[in-house]
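# Structure at a glance
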Amino acid sequence: MNQNKNKYDSDVVIVGGSVIGSCLAALLGRAGLNVILLDSNNRSVNSSKKNDPRVFAITIASERILKKTGAWFLMDEENISPFRNMHVWDENGNGEIHFESASICEPTMGHIIPQQVIVDALHKKIHDLDNVKHMEGVSPIKIDAKSSAIILEADNEQQFRAKLVVAADGSNSKTRDLLNIHYQRHDYKQSALACIVTSEISHGEVARQRFSNSGPLAFLPMKNSYESGIVWSSSPKQIEQLLKLDKAAFHSELEAAFDNKLGKIIESTERNVFPLSRAQADCYVLPRFALIGDSAHTVHPLAGLGANLGLLDAASLAEILINTFSLSRDIGRLQVLRLYERWRKGENQQIMYLLDGFKYLFENQFQSVQWLRNLGLDIVDEMPIVKNAIMMRAMGLKGNLPKFAKSYG
């Protein structure tokens, strides 16, 4: 081994400097663990001001987690967009359902926040922590797990020795691949188009989603009452066609697809496209190694739960590691890490199959299924107990939650 390599020791090395990895780094750093965060990107200071159409629908549980990191309070309120109602309806009928946060005595259902705004706030918090070292432009090239430590070599001649390495570097995780963990993908044969649009009619702080035969179209309310982040899922062929349209033609297609709920589309930002798939790693942990977020699983974006599941991963793993660390025990032992895997893998899998069920139910074109589907929406809409139970689970107010996602702890 090259003896000239720079060597760094820490309790945990986290690979991936976006929302999920940075959240874990902040939670562990605030608890006193020594953390190194490796970020393959070189991020500019004013990156949040760039045109980025990716927005997250942050649940109440995720809001609590981000508050526990301290990052929530560093985000400009102009970038935090509350939504208090949700309206879902079907293209193939009159069935619809409305959710209202006031019905469960909550001020909001959640918040729409640009991804980069969250990343920037987390990085500011991390930079205030002396025991967290954030290194940009660094990627792993080799990982070697020993009985008492794990050694990660990076592409810049640096070497990192820790009790634990956590992969948070996305669905195409290089870190996961280095340890040959199989990542079972299911291709939905769909793509999603994302951009920010300005509408003629105010969104009124309502998140809206229309289901069609080709896939869902969501309008997510931004701080400006006439701006919405859209996620339009459909066949790759249709999405490619939409990408090629000029603004006027695209706006016309979008108005029609959304049933003109917000009137004319006046303006739109650059359109971005990404393929859709569901995936789950065969295992979330190995000795001295763990996967979180998209490195461990991906889901369909129809309910906007992907980032929220990742934040629950980070908070759950943080809780287990902090408890173990406080007892002066080895945080990298497989018995410790399996507590996290048992906790989160089953929960994530349930959400995956639930979202798949919704996807295929709403894309089914049999008239009998369409009729039952619309009837079901109307029936549930008239059952406040059932509707509120669904809403509370989706908002992260019920379930097997980590302490960081609760209003205390």
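What you see is a predicted model, and the numbers here were worked out from it, not measured in a lab.

## Considering the packing of aromatic side chains
Across all of its chains, the model carries 4 aromatic pairs by this definition. Ring geometry for Phe-219 against Phe-258: centres 3.8 Å apart, planes inclined by 15°, an arrangement best described as stacked. Of this pair, Phe-219 sits in strand E14 (residues 215-221) while Phe-258 sits in the loop between helix H6 (247-257) and strand E16 (265-268), placing them 39 residues apart in sequence. Its relative accessible area of 2% is what places Phe-258 among the buried residues. An angle of 40° between the planes, with centres 6.1 Å apart, marks the rings of Tyr-284 and Tyr-340 as tilted. Taken together, the residues span a long stretch of sequence, with Tyr-284 in the loop between strand E17 (272-281) and strand E18 (285-286) and Tyr-340 in helix H8 (residues 334-363) at a distance of 56 residues. An identical accessibility class is assigned to Tyr-284 and Tyr-340; each is buried. Through pairs of rings, three or more aromatic residues link up here, namely Trp-89, Phe-219 and Phe-258. Stacked on the ring of Trp-89, the Lys or Arg Lys-261 has its end atom at 5.1 Å from the ring centre.

## Points about the packing of helix H1 (residues 19-30) against helix H3 (residues 115-127)
Across the interface, H1 lies against H3 with an axial gap of 9 Å and an inter-helix angle of 25°. With respect to H3, the axis of H1 lies roughly parallel. H3 is crossed by H1, and the crossing has left-handed handedness. Here Val-19, Ser-22, Cys-23, Ala-25, Ala-26 and Arg-30 of H1 lie close against H3, whose contacting residues are Gln-115, Ile-118, Val-119, Leu-122, His-123, Lys-125 and Ile-126. Considering only residue class, the contact of H1 with H3 consists of 8 nonpolar, 3 polar and 2 charged.

## A short note on a nonpolar patch on the surface
A cluster of nonpolar side chains, contributed by Met-383, Val-386 and Ile-390, occupies part of the molecular surface with about 220 Å² of accessible area. Tracing the backbone through its elements, the reader meets Met-383 in the loop between helix H9 (367-381) and helix H10 (384-394).

## Structural notes on the pattern of salt bridges
When charged atoms on two side chains of opposite charge get close, those side chains can pair. Within the structure shown, the criterion is met by 7 salt bridges. With its nearest N and O atoms 3.8 Å apart, the salt bridge here joins Asp-177 to Arg-176. Owing to a relative accessible area of 2%, Arg-176 belongs among the buried residues under this scheme. Here Asp-330 ties to Arg-288 by a salt bridge, and the two come within 2.5 Å at their closest N and O atoms. Of this pair, Asp-330 sits in the loop between helix H7 (306-326) and H8 while Arg-288 sits in the loop between E18 and strand E19 (289-291), and the two are 42 residues apart along the sequence. Take Asp-330: its relative accessible area is 21%, and that puts it in the partly exposed class. By relative accessible area, which is 5% here, Arg-288 ends up buried.

## Quick look at unusual backbone geometry
Although it is not a glycine, Glu-157 sits at a positive phi angle of roughly 70°. Residue position: Glu-157 is located in the loop between strand E10 (150-154) and strand E11 (158-167).

## Focus on the pairing of strand E12 (residues 183-199)
In terms of strand pairing, E12 meets E17 through 10 bridges, oriented antiparallel. Counterpart to Tyr-183 in the pairing with E17 is Ala-281. Across 8 bridges, the pairing between E12 and strand E15 (residues 227-234) is antiparallel. By the bridge assignment, Ile-196 is partnered in E15 with Gly-229. Taken together, the 3 bridges between E12 and E16 define a ladder with antiparallel strand orientation. Residue Val-197 lies in a different strand from E16, and its bridge partner there is Ser-268.

So, how was this worked out
- Residues numbered from 1 in each chain as written.
- Predicted model: local features only at pLDDT ≥ 70, side-chain atom pairs only at ≥ 80, totals over all residues.
- Heavy atoms only, no water.
- Phe/Tyr/Trp six-rings, centres within 6.5 Å; stacked < 30°, edge-to-face > 60°.
- Helix = DSSP H or I, 4+ residues; strand = E, 2+ residues; numbered from the N terminus.
- Buried < 20%, exposed > 50% of the residue type's maximum accessible area, 1.4 Å probe, protein only.
- Lys NZ or Arg CZ within 6 Å of the ring centre and 35° of its normal.
- Axes fitted to C-alpha atoms, helices over the stretch in contact; angles between N-to-C directions.
- Parallel < 35°, antiparallel > 145°, perpendicular 65-115°, else oblique.
- Left-handed = near helix turned anticlockwise from the far one by under 90°.
- Contact = heavy atoms within 4.5 Å.
- Nonpolar A, V, L, I, M, F, W, Y, C, P; charged D, E, K, R; others polar.
- Patch = residues over 30% accessible without salt bridge, like charges linked within 9 Å, V, L, I, M, F, W, Y side chains within 5 Å.
- Areas by Shrake-Rupley, 256 points an atom, 1.4 Å probe, with all protein chains shown as cover.
- Salt bridge = Lys/Arg side-chain N within 4 Å of Asp/Glu carboxyl O.
- Pairing = 2+ DSSP bridges.

That is the geometry; function is a separate question.
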